[in-house]
Every structure is written in structure tokens, then in C-alpha cells.
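Report on the structure
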Amino acid sequence: MKLFKKCAFFLSILIYLGLCALIVYLSFANGEISSAQSNIVAQIISESLSYLNIKIDPNSDAVKHLVRKLVGHFGLFLITGAFAISSVALYKKNWRQKLFLFVSFYIFGAFIAIITEVIQMSSEGRGPSANDTLINLSGYSIPFILYLIYFIYVYFKGKKEGNYIEL
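Basis of the calculations
- Residues numbered from 1 in each chain as written.
- Predicted model: local features only at pLDDT ≥ 70, side-chain atom pairs only at ≥ 80, totals over all residues.
- Heavy atoms only, no water.
- Core = buried A, V, L, I, M, F, W, Y, C linked by side-chain atoms within 4.5 Å.
- Buried < 20%, exposed > 50% of the residue type's maximum accessible area, 1.4 Å probe, protein only.
- Helix = DSSP H or I, 4+ residues; strand = E, 2+ residues; numbered from the N terminus.
- Salt bridge = Lys/Arg side-chain N within 4 Å of Asp/Glu carboxyl O.
- pLDDT = per-residue confidence, 0-100.
- Contact = heavy atoms within 4.5 Å.
- Axes fitted to C-alpha atoms, helices over the stretch in contact; angles between N-to-C directions.
- Parallel < 35°, antiparallel > 145°, perpendicular 65-115°, else oblique.
- Left-handed = near helix turned anticlockwise from the far one by under 90°.
- Nonpolar A, V, L, I, M, F, W, Y, C, P; charged D, E, K, R; others polar.

Before going further, it helps to spend a moment on the nonpolar core. Within the largest apolar cluster, 20 residues are counted, with the highest numbers of intra-cluster contacts made by F105, Y140 and F144. Listing elements by their share of this core, those giving two or more residues are α1 (2-27), α3 (61-90), α4 (95-119) and α5 (130-160). Take this core: its biggest share by element is six residues, from α1.

Now the structure itself:
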């Protein structure tokens, strides 16, 4: 079981770093390529929703905008944050090292959220946006906040019952 947890920990970190690299890579795309990527995702979402008898126009500007914000910014950072937290949760050393890992992952993800917008300054047809940075940080922060709530709940529940629970 220990070997499985170690492998899961390292796999989680590899996926996390891969997602961070993907986010940085995508931020270098020019406006035309980024728009084409958003159009493909909008088309996939439209086709998927049509199976549920929900009709949306994947070519409308509102849908494209929503796809860029919800999928491209919020969603991608939410998934990345989830892998960061899974790495923290799988780490089974002492709580100080786990806290250091938690803070390090958060700072690194926040740096990626900011630097990707700065990178867009040099991409033709794109530009940085403080709003996009906040959307990135929001998506990335949700798994961290949920883990903190869980950690506090388990800690105080264990303390109340006289048990020490390692998270």
C-alpha cells in the first residue's frame, strides 16, 4: 500500500506539472489560434449538450466568451489545483512538511496564473487581463479552500474526540 501511495503521489505531481506546462504553452498562442481552440471546445460542448436536448449556438460570441472564461481559464486552473491538492493529500510526512507543500503549490499556481497573462502581452491578437487572472486564481483556489475546510473539520473533530488524525 505504501508503494501505491508513493506512486500515486508522484503521478499526481507529474500530472500537475504537465498541466502547468500546458497552461503556459497555451498562453503563447496568438489570438487566431486561441480563438480556433475556443471554437473547437464550444463545438464539442454544443454537440454534447444536444444529446440532452439543450441547444446552444457554438458560433455565438456569448458562447465563445463563456467557453474561454469557464473552460480555458476557470476550468483548466480548477483541474490543476485539484491535482496540486491531491499531491498534498497523498503526502504522508509530518504536518509541517505538508503545510510547506500546500503553500508552495499555491504560490506556484498563483505565479502561473499571473505569468500566463503577462505572456499574452507578447502574443499577437491577445493581451493581459486582470479579470482573467482573477478567474484563473478563483479556479485554482477552490480545491485549496475545500481542502482547508476539510482539514479544519477533521482536525477539530479529532481534537474534540481526543484523537489525533493525520491528514
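Read on for the rest.
Once the charged atoms of two side chains with opposite charge are near each other, the side chains can pair. Across all of its chains, the model carries one salt bridge by this definition. The closest approach of N and O atoms between K69 and D132, which form a salt bridge, is 2.4 Å. Within this pair, whereas K69 is found in helix α3, its partner D132 is found in helix α5, the two being separated by 63 residues in sequence. Its relative accessible area of 16% is what places K69 among the buried residues.

Now for the confidence of the model for the protein chain. This prediction gives the protein chain a mean pLDDT of 90; 95% of its residues lie at or above 70. No element of the protein chain has a lower mean pLDDT than α5, at 89, and none a higher one than α1, at 94.

This brings us to the environment of V88. Tracing the backbone through its elements, the reader meets V88 in helix α3. Taking relative accessible area as the criterion, V88 reaches 0% and is therefore assigned buried. Taking the C-alpha atoms as reference points, V88 and Y147, separated by 59 residues in sequence, lie 9.4 Å from one another. Setting aside anything within four residues of it in sequence, one finds V88 in contact with K98, L101, F102, F105 and Y147.

Our focus in this paragraph is unusual backbone geometry. Despite not being glycine, N53 shows a phi value in the positive range, around 60°. Positionally, N53 belongs in the loop between α2 (31-50) and α3.

The interhelical angle for the contact between α1 and α3, taken along N-to-C directions, is 155°, at an axis separation of 8 Å. Comparing the axis directions of α1 and α3 gives the class roughly antiparallel. For the crossing formed where α1 meets α3, the hand is left-handed. When α1 is examined against α3, the residues A8, F9, S12, I13, I15, Y16, L19, C20, I23 and L26 are found in contact with a partner set consisting of L76, F77, I79, T80, F83, A84, S86, S87 and L90. For the contact of α1 with α3, the per-class residue count stands at 15 nonpolar, four polar and no charged.

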